[in-house]
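Structure at a glance
Now for the letters of each chain:
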Amino acid sequence: MSCITCNSTTTPTMKDFQSKNIFTWCTNCGNYGIHTALRRALVSKKIPACRTLTCFDIGCNGNGSDKIGGYNFHGLHGRSIPLAVGAEMANRKVTVIAFGGDGGTLGEGIGHLVHAVRGNYNITFVLHNNLNYGLTKGQASPTSKKNMKMNSSPDGATSELLHPAKFVLSLESTFVARSFSGDVKHMTKVFEQALDHKGFSFVEIMQSCPTYNKETPHEWYMDRVYDVESIKGYDSSNREQALKIAQDQEDKVNGEAREGDLGQKIAIGVLYQDKKSVPQIDRQPNRNGSVGTKIKTDAYEETKQYNISKLLEKFR
Ligand code: SF4
Ligand code: MG
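Notes on the structure in this doc start here. Predicted model only: the values in this text are computed from it and were never measured.

Its location among the elements puts Thr-124 in strand S4 (residues 124-129). Assessed through its relative accessible area of 4%, Thr-124 is described here as buried. Looking at Thr-124, its side chain comes within polar contact range of the main-chain oxygen of Ala-194, at 3.5 Å. Not counting chain neighbours up to four residues away, the residues in contact with Thr-124 comprise Val-96, Ile-97, Ala-98, Ala-194, Leu-195, Ser-201 and Val-203.

Below you can see the structure in the form of structure tokens.
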């Protein structure tokens, strides 16, 4: 893939995605592995930094917005998805990746997630799920386990947790994957598949947060994760099977298995993919050849084509 501005066809390298800024995450934070894996996936897919836009919101993940090469946008809390969707519709020559935490995405910004999935916009979304609001010092988030003792709820969180993968699978999504921040190789593979997908790619990364989430540290995940590829006959085009796998997490409470909580085994990998997925832009026949050609146009080309001064007059 050539450079969008200079047309250079130099193969991208890890260095292109590096930044001179100093990381501010805590020691052993899962965010380091996530960034490394994403860079590796972009390089292996030969996507140049000048064709990459990463969108971030507020949160610990957002502190990575100036630590990665390419174009970056650091927006409001829970609002990285609408930024990314707008950018992708405006200029599809750029690969758009959005990041969000469990608090911002499944709390404040959950409406954006729902409608981006429904619209099947062609972006990759990476959910940093560390089961808490880390940047604001360890409050319970929508994915904190019930009874988990957090700084905002010292007696334990009182709400039921929300399962991200299960929730997104229920929305007629076209790509749902899960990985773990301690396995860079696995995350890289999942990101590569997400970048290849035509439509909204939802990737949940179960991220360790050694500072505030003491219940599910790195080792806790290590003991539980298994790849769906190890399941004989697993069919990632079967949504019912994916839903079952997404909720195979059980916890023992008083010796009894309790469904619906984080627990004994957690499937990672591509849980579901619709390989016939039609992204939003291809659902808009009116944009077909709107600048006199038969190819799809981008918003920035269309705005050059139309004189909207008369329309604007009406609003004076
Ligand atoms: Fe990472 Fe948690 Fe520290 Fe935030 S608070 S930087 S998520 S370890
Ligand atoms: Mg979080």
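So, about the coordination of the magnesium ion (ligand 2). Those protein atoms acting as donors to the magnesium ion (ligand 2) are Asp-102 (OD), Asn-130 (OD1) and Asn-132 (O), and they sit at 2.1 to 2.2 Å. In primary sequence terms, the donor set of the magnesium ion (ligand 2) follows D-x27-N-x1-N. Of the two residues, Asp-102 sits in helix H3 (residues 102-108) while Asn-130 sits in the loop between S4 and strand S5 (132-133), which places them 28 residues apart along the sequence. We note that Asp-102, like Asn-130, is buried.

Surrounding ligand 1, one finds Trp-25, Cys-26, Cys-29, Cys-60, Asn-130, Gln-207, Cys-209, Pro-210, Thr-211 and Tyr-212. Partitioned by chemical class, the residues of the shell around ligand 1 number seven nonpolar, three polar and no charged.

Together, Ile-308, Leu-311, Leu-312 and Phe-315 make up a nonpolar patch on the protein surface, roughly 440 Å² of accessible area in all. Tracing the chain through its elements places Leu-311 in helix H10 (residues 309-313).

With that settled, consider the sheet that holds strand S3 (residues 95-101). Pairing is mixed across the open sheet formed by eight strands, whose spatial order is S2-S1-S3-S4-S8-S7-S12-S9. The two strands at the open ends of the sheet, each matched to only one other strand, are strand S2 (71-74) and strand S9 (225-227). Going across the sheet, the axis of each strand differs from the next one's by a mean of 20 degrees, ignoring polarity. Examined bridge by bridge, strand S7 (residues 175-180) and strand S12 (residues 266-273) share four bridges and lie antiparallel to one another. Residue pairing for S12: Phe-175 is matched across the bridge by Gln-273.

What counts as what
- Per chain, residue numbering runs from 1 following the sequence as it is written.
- Chains and ligands are labelled sequentially in the order written, the chains with letters from A and the ligands with numbers from 1.
- Whole-chain, interface and lining totals are the exception, using all residues; otherwise, since this is a predicted model, local features are given only for residues with pLDDT of at least 70 and side-chain atom pairs are given and counted only at 80 or more.
- Remark: hydrogens and water are excluded; side-chain values derive from all non-hydrogen atoms of the structure.
- Only DSSP runs of H or I reaching four residues or more are called helices, and only runs of E reaching two or more are called strands; each is numbered from the N terminus.
- Burial status follows relative accessibility: with a 1.4 Å probe on protein chains alone, a residue under 20% of its type maximum counts as buried, one over 50% as exposed, and anything between as partly exposed.
- Two N or O atoms form a polar contact when they lie within 3.5 Å of each other; inside protein one atom must be a possible hydrogen donor and the other a possible acceptor, and for residues adjacent in sequence the pair counts only when both atoms belong to side chains.
- What makes two residues a contact is simply this: any of their non-hydrogen atoms within 4.5 Å.
- Metal sites are built from N, O and S donor atoms within 2.8 Å, or 3.2 Å for Na, K and Ca, and they leave out water, so they may look incomplete.
- Working definition: residue near molecule or strand if any one of its non-hydrogen atoms lies within 4 Å of it.
- Charged means Asp, Glu, Lys or Arg here, nonpolar means Ala, Val, Leu, Ile, Met, Phe, Trp, Tyr, Cys or Pro, and polar covers whatever is left, Gly included.
- Surface patches are drawn from residues lacking salt bridges whose relative accessible area is over 30%; two like charges belong together within 9 Å, two nonpolar side chains (Val, Leu, Ile, Met, Phe, Trp, Tyr) within 5 Å.
- Only the protein chains shown count as cover for residues, and all accessible areas are computed by the Shrake-Rupley method using a 1.4 Å probe.
- Basic side-chain nitrogens of Lys or Arg form a salt bridge, by our definition, when they fall within 4 Å of a carboxyl oxygen of Asp or Glu.
- Pairing between strands requires that DSSP locate at least two bridges from one strand to the other.
- All axes are obtained by fitting lines to C-alpha atoms, using only the stretch in contact for helices, and the reported angles, taken between N-to-C directions, cover 0 to 180 degrees.

Just distances and angles here, no functional claims.
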